[in-house]
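Okay, here's what each chain looks like letter by letter:
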Amino acid sequence: MTAAVQLSSAARKLRGMSSAIPLNVGIARSAGSGSADADGGKRVLLAEPRGYCAGVDRAVETVEKALEKHGAPIYVRKEIVHNRHVVETLREQGVVFVDETDEVPEGALVVFSAHGVSPAVHESAAARNLRTIDATCPLVTKVHQEAKRFARDDYDILLIGHEGHEEVEGTAGEAPEHVQLVDGPDAVDRVTVRDESKVIWLSQTTLSVDETMETVQRLRQRFPGLQDPPSDDICYATQNRQVAVKAMAPECDLVIVVGSRNSSNSVRLVEVALGAGAKAAYLVDYAREVDPAWLAGVRTVGITSGASVPDILVRGVLDMLAEHGFGEVQPVTTANETLVFALPRELRASRR
Ligand code: SF4
């Protein structure tokens, strides 16, 4: 029996693995290849890639494997990934989500979320003798390493990101004396640095690429010696989903992004769709949140989903749209993703 067969149906649903999305018309076409709406009917453009990224898949599997191995309850600090359905499903399976480690009983097992944690969180867990599994996405860990390295070299680090986001708190916590948060282009004027020849920008992994470049441009106008990060901090998954939505948005009367409101990359997809020419764009967690009034006069609906969204939720939206005459579904494929991350060390033997 393969490990995949052993997955519970809940786990399979969380990953959207239950079946391939049935397409009435499955034409893989490149972006910009012209309208395929030859019969003048209603249609759906389905962005690819969309949904789960490698970091989210790893984080969710980490919690599932920890549950299998250690039994409930498992504690998770913050939402393991920013998706309501994922969190609610795991909660039903015995996961207790907490805001801070001091809510976890002494000696219990706690998983750190995909967004990463600061060294202070590791210290407070150690002080309570907690057993920990760190599900931080390796691409977030990479930004932590950059922050540590440039802090060691005494740089001022301008961290572009959203104030209050867990990832930003974790990264800034690596070097609080050196990191300043820059929350978008309008925050640039408030930045002060000690030495203009030793300034570098880093960023949250889930930002809008275009807005981040605007912020960098304004920072560079103020600090011409500003250094770029050694490699892209906005991760491949965020970038790929934005490219796919940009490709389809100009043809869309409406774009529906499946994702939660606290999911940074999902919210960005709505903004990117509107910026790329979609006439309207909305974020929904579930198909039931799609207002039929949005469909009035609409011929082309674009669908995508954030990096923390299981595909079963996209299927729900497609089914709902099919009931409203949008049965024709055309994939718009701009990249193929194959990246897979190893599970945290403590669980590696149990990967499916
Ligand atoms: S969105 Fe990017 S950084 Fe965040 S978990 Fe996914 S791969 Fe990692």
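Shown above is the structure to which this text applies.
Summarised in this report is the structure supplied together with it. Keep in mind that this is a model prediction, so the values were computed, not measured. (Residues numbered from 1 in each chain as written. Predicted model: local features only at pLDDT ≥ 70, side-chain atom pairs only at ≥ 80, totals over all residues. Heavy atoms only, no water.)

Moving on, we get to the overall build of the protein chain. When its secondary structure is counted, the protein chain shows 11 helices and 12 strands. Counting only residues that meet the buried cut, the protein chain has 54% of its 352 residues in that class. (Helix = DSSP H or I, 4+ residues; strand = E, 2+ residues; numbered from the N terminus. Buried < 20%, exposed > 50% of the residue type's maximum accessible area, 1.4 Å probe, protein only.)

Looking now at the environment of Lys246. One can find Lys246 in helix H9 (residues 236-248). Through-space distance from the C-alpha of Lys246 to that of Val272 is 6.7 Å; in sequence the pair is 26 residues apart. With residues near it in sequence (within four places) discarded, Lys246 still touches Asp210, Val272 and Ala276. A distance of 2.8 Å separates the side chain of Lys246 from the side chain of Asp210, its partner in a polar contact. (Contact = heavy atoms within 4.5 Å. Polar contact = N/O pair within 3.5 Å; in protein donor to acceptor, adjacent residues only side chain to side chain.)

Running from amino to carboxyl end, H9 crosses helix H10 (residues 264-275) at an angle of 30°, the nearest separation of the two axes being 9 Å. It follows from the interaxial angle that H9 and H10 lie roughly parallel. Every pair of crossing elements has a handedness; the one defined by H9 and H10 is right-handed. Contacts between H9 and H10 involve Thr238, Arg241, Gln242, Val245 and Lys246 from the first element and Asn265, Arg268, Leu269, Val272 and Ala273 from the second. Here the residues of the contact of H9 with H10 sort into 4 nonpolar, 3 polar and 3 charged. (Axes fitted to C-alpha atoms, helices over the stretch in contact; angles between N-to-C directions. Parallel < 35°, antiparallel > 145°, perpendicular 65-115°, else oblique. Left-handed = near helix turned anticlockwise from the far one by under 90°. Nonpolar A, V, L, I, M, F, W, Y, C, P; charged D, E, K, R; others polar.)

Turning our attention to the sheet that holds strand S11 (residues 300-305). Judged by pairing direction, the sheet is parallel, and its 5 strands sit side by side in the order S10-S9-S11-S1-S12 without closing on themselves. Whereas interior strands pair on both sides, the edge strands pair on one side only; in this sheet they are strand S10 (281-284) and strand S12 (328-333). Going across the sheet, the axis of each strand differs from the next one's by a mean of 25°, ignoring polarity. Here 4 bridges tie strand S9 (residues 254-258) to S10, and the two strands are oriented parallel to one another. (Pairing = 2+ DSSP bridges.)

Our focus in this paragraph is a negative patch on the surface. On the surface, Glu163, Glu169, Asp183, Glu211 and Glu214 cluster together into a negatively charged patch. Within the secondary structure, Glu211 is located in helix H8 (residues 209-222). (Patch = residues over 30% accessible without salt bridge, like charges linked within 9 Å, V, L, I, M, F, W, Y side chains within 5 Å. Areas by Shrake-Rupley, 256 points an atom, 1.4 Å probe, with all protein chains shown as cover. Salt bridge = Lys/Arg side-chain N within 4 Å of Asp/Glu carboxyl O. Lys, Arg positive; Asp, Glu negative; His and termini not counted. Charge placed at Lys NZ, Arg CZ, Asp CG, Glu CD.)

Attention now goes to empty space enclosed by the protein. Within the structure shown, the criterion is met by 2 cavities of 30 Å³ or more. When its volume is computed, the largest cavity comes out at roughly 270 Å³. Forming the walls of the largest cavity are 24 residues, and the residues nearest its centre are Cys53, Val56, His115, Thr205 and Thr206. For the lining of the largest cavity, the element with the highest residue contribution is H9, accounting for 3 residues. Each residue belonging to the lining of the largest cavity can be placed in one class, and the counts come to 12 nonpolar, 11 polar and 1 charged. (1 Å grid on protein atoms, 1.4 Å probe; cavity = no way out; pocket = protein on both sides within 12 Å on 5 of 7 lines; lining within 4 Å. Points joined across faces, edges and corners; volume = space filled by probe spheres on them.)

Here helix H11 (residues 311-323) spans 19 Å end to end across 13 residues, near enough to the 18 Å set by a 1.5 Å rise per residue. Taken together, the buried positions of H11 are occupied by Asp311, Leu313, Val314, Arg315, Val317, Leu318, Met320 and Leu321. Against strand S1 (43-48), helix H4 (84-92), S9, S10, S11 and S12 lie the buried residues of H11. Where H11 terminates, the next one or two residues include Gly325, which has phi positive at roughly 95°. (Expected span 1.5 Å × (residues − 1).)

Looking at the ligand, the residues that line it are Cys53, Gly55, Val56, Cys137, Leu139, Val140, Thr205, Thr206, Cys235, Tyr236 and Ala307. Using a 2 Å cut-off from the grid points, one finds that the ligand occupies the largest cavity. For the shell around the ligand, the secondary-structure elements that each account for two or more residues are helix H3 (54-70) and helix H6 (138-152). Per-class residue counts for the shell around the ligand are 8 nonpolar, 3 polar and no charged. (Near = heavy atom within 4 Å. Sits in = over half its atoms within 2 Å of the grid points.)

Once that is clear, we can look at the layout of surface pockets. Here the second largest pocket is characterised by a volume of approximately 180 Å³. Around the second largest pocket, the lining residues are Arg58, Thr132, Ile133, Asp134, Thr136, Pro138, Thr141, Pro344, Arg345, Glu346 and Arg348. Contributing elements (two or more residues each) for the lining of the second largest pocket: strand S5 (131-134) and H6. When residues of the lining of the second largest pocket are assigned to their parent elements, the largest contribution, 3 residues, is made by S5. Tallied by class, the residues present in the lining of the second largest pocket amount to 3 nonpolar, 3 polar and 5 charged.

Burial within S1 is extensive, with 5 of its 6 residues counted as buried. Note: S1 against S11, 4 bridges, orientation parallel. Directly across from Arg43, in S11, lies its bridge partner Thr300. Strand direction decides the pairing type here: S1 and S12, joined by 6 bridges, are parallel. Each bridged residue has a counterpart across the sheet, and for Leu45 the counterpart in S12 is Gln330.

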